[in-house]
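Structural description and commentary
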Amino acid sequence: VWRGDFADDWKMIARIGVRAVLLIAVVATIGCDRVTKHVARAALAGEPGRSYLADTIRLEYVENAGGFLSLGASLPSSARTALFTLGTGVMLLTLVGAAVRFQWRGWLLIGTSLVLAGGASNWVDRVVRGSVVDFLNIGVGLLRTGIFNVADMAIMLGVAVLLLAQRRRSDDVRTTDDSSGRTA
């Protein structure tokens with residue numbers, strides 16, 4: 001029976017498709033991070049660091065008990081657990097709640113998904129091991145990154161996408177306000 005809401009059906013299918021693609025991307029990101037950490041543990045733990053491409057890429061196994069750039073690694077164990085395990089868990093759940101409640105779409109949802117995937121994978125490390133496996137370092141000469149992992153790359157890419165999406169939204173609001181004669 002024709003109901004006349006064919007366009008609504010396609011919108012629903014498209015929404016389900018986008019969600020499925022994002023779910024696959026999240027699972028793939030977590031899977032890639034888990035596999036690379038396992039390989040790093042098996043191939044690099046207890047071994048000297050390795051250097052590639054004229055020392056542009058270094059592989060070196062580190063168990064990071066702290067956060068970004070090992071910040072907080074020297075905190076007492078209970079404080080690290082509260083901050084990096086409980087705090088991160090709450091933050092990830094809050095991010096999911098905000099995305100659902102405010103029905104984030106497009107670039108906001110893509111950026112959020114990347115942050116969630118990376119954050120969840122590192123969070124699992126913290127719950128299971130009490131630390132995160134890091135093994136990548138990139139740089140030229142004295143200008144180098146900290147040691148990081150695939151989950152960290154997903155988080156940083158997600159944050160960049162979120163910042164660009166927010167800037168785009170701000171520019172769209174400003175353009176709309178300008179065209180209507182109002183000031184932002």
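Report on the accompanying structure.

Analysis parameters
Residues numbered from 1 in each chain as written. Predicted model: local features only at pLDDT ≥ 70, side-chain atom pairs only at ≥ 80, totals over all residues. Heavy atoms only, no water. Pairing = 2+ DSSP bridges. Helix = DSSP H or I, 4+ residues; strand = E, 2+ residues; numbered from the N terminus. Contact = heavy atoms within 4.5 Å. Axes fitted to C-alpha atoms, helices over the stretch in contact; angles between N-to-C directions. Patch = residues over 30% accessible without salt bridge, like charges linked within 9 Å, V, L, I, M, F, W, Y side chains within 5 Å. Areas by Shrake-Rupley, 256 points an atom, 1.4 Å probe, with all protein chains shown as cover. Salt bridge = Lys/Arg side-chain N within 4 Å of Asp/Glu carboxyl O. Lys, Arg positive; Asp, Glu negative; His and termini not counted. Charge placed at Lys NZ, Arg CZ, Asp CG, Glu CD. Buried < 20%, exposed > 50% of the residue type's maximum accessible area, 1.4 Å probe, protein only.

Pairing is antiparallel across the open sheet formed by four strands, whose spatial order is 1-2-3-4. Strands with a single pairing partner mark the edges of an open sheet, and in this sheet they are strand 1 (50–52) and strand 4 (143–144). Relative to the sheet, helix 3 (residues 106–129) contacts strand 2 (57–64) and strand 3 (132–140), its axis offset from that of strand 3 by approximately 135 degrees.

A surface patch of like charges, here positive, comprises Lys11, Arg15, Arg19 and Arg105. One can find Arg19 in helix 1 (residues 6–44).

This brings us to the pairing of strand 2. Summarising the sheet, strand 1 and strand 2 pair through three bridges and their orientation is antiparallel. When the bridges of strand 2 are listed, Tyr52 appears paired with Ile57. Following strand 1, the chain reverses through four residues before pairing antiparallel with strand 2; Leu53 in that reversal takes a positive phi of roughly 55 degrees.

What follows covers unusual backbone geometry. Its identity is not glycine, yet Ser70 carries a phi of approximately 65 degrees, on the positive side. Position of Ser70 among the secondary structure elements: in the loop between strand 2 and helix 2 (77–101). Phi at Gln103 takes a positive value of approximately 50 degrees, unusual for a residue other than glycine. With relative accessibility at 53%, the residue Gln103 sits in the exposed group.

Inspection of the secondary structure assignment puts Trp107 in helix 3. Note: C-alpha distance between Trp107 and Leu163 (56 residues apart in sequence) is 9.7 Å. Ignoring sequence-local partners within four residues, the contact set of Trp107 consists of Val161, Ala165 and Arg168.

Structural measurements only, silent on function.
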